[in-house]
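Results of the structural survey
Letter by letter, the chains look like this.
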Amino acid sequence: MKYVLLGRQSGEWLGRHDRRNRLARAKAKELGIKIQSVLYTQGAYDFVDTVEAPSPEAMLKFSVWYAKQGFGSFQSLPAFDGKTMAEASKEE
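Below is a short write-up of the structure. (Residues numbered from 1 in each chain as written. Predicted model: local features only at pLDDT ≥ 70, side-chain atom pairs only at ≥ 80, totals over all residues. Heavy atoms only, no water.)

1. Considering the overall build of the protein
When helices and strands are counted, the protein shows four helices and four strands. Secondary structure elements of the protein, listed N to C terminal, follow the sequence β-α-α-β-β-α-β-α. Judged by the C-alpha coordinates and their principal axes, the protein covers about 55 × 30 × 20 Å. For the protein, the share of sequence-separated contacts (at least 6 apart) that also reach a separation of at least 24 residues comes to 64%. Accessible area of the protein: about 6300 Å², with a carbon and sulfur share of 54%. Charge centroids of the protein, computed over 14 positive and 11 negative side chains, lie 10 Å from each other. (Helix = DSSP H or I, 4+ residues; strand = E, 2+ residues; numbered from the N terminus. Contact = heavy atoms within 4.5 Å. Areas by Shrake-Rupley, 256 points an atom, 1.4 Å probe, with all protein chains shown as cover. Lys, Arg positive; Asp, Glu negative; His and termini not counted. Charge placed at Lys NZ, Arg CZ, Asp CG, Glu CD.)

Put into structure tokens, the structure is as follows:
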């Protein structure tokens, strides 16, 4: 399942970006989550990521782990491609 992550970094970890990034990528890999893209933004969110997760439970484990590390927090939104949307929107 694809997800879009909308996140905020904690101020404590802003100065240690490389370490946070390395630890988060290692944990994601351990959980079978493939990080497809990472973009840093200005505004309500500090980053927008796209990932592929093997299950909702893996995504939940990652988000709980991320928060427990004090890295910040994120919302994980299931994401669908155009083909899936077209199929879902067909009239019966």
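Structure shown, so let's carry the discussion forward.
2. Here's the deal with the pairing of strand S3 (residues 47-52)
What you see with S3 is a clean split: Phe-47, Asp-49 and Val-51 sit on the buried side and Val-48, Thr-50 and Glu-52 on the side with no burial. Of the strand pairs in this sheet, strand S1 (residues 2-9) and S3 are connected by six bridges, and their pairing is antiparallel. Counted as the bridge partner of Gly-7 is Phe-47 from S3. Examined bridge by bridge, strand S2 (residues 34-40) and S3 share six bridges and lie antiparallel to one another. Bridging across to S3, Leu-39 finds its partner in Val-48. The turn linking S2 back onto S3 is made up of six residues, and Gly-43 within it adopts a positive phi angle of 130°. (Buried < 20%, exposed > 50% of the residue type's maximum accessible area, 1.4 Å probe, protein only. Pairing = 2+ DSSP bridges.)

3. Points about the pattern of salt bridges
Scanning all chains against the criterion turns up three salt bridges. Taking the shortest distance from any N to any O, the salt bridge between Glu-12 and Arg-16 comes out at 3.3 Å. For Glu-87, the salt bridge is made with Lys-90, and the minimal N-O distance between the two is 3.3 Å. (Salt bridge = Lys/Arg side-chain N within 4 Å of Asp/Glu carboxyl O.)

4. Some words on the packing of helix H2 (residues 17-30) against helix H3 (residues 56-68)
Where H2 meets H3, the closest approach of the two axes is 10 Å, and the angle between their N-to-C directions is 155°. When the interaxial angle is binned, H2 and H3 end up roughly antiparallel. Taken as a pair, H2 and H3 cross one another with a handedness that is right-handed. For the pair H2 and H3, contact is made by Arg-20, Leu-23, Ala-24, Lys-27 and Ala-28 and by Phe-62, Trp-65 and Tyr-66, respectively. Across the contact of H2 with H3, the residue classes break down as six nonpolar, no polar and two charged. (Axes fitted to C-alpha atoms, helices over the stretch in contact; angles between N-to-C directions. Parallel < 35°, antiparallel > 145°, perpendicular 65-115°, else oblique. Left-handed = near helix turned anticlockwise from the far one by under 90°. Nonpolar A, V, L, I, M, F, W, Y, C, P; charged D, E, K, R; others polar.)

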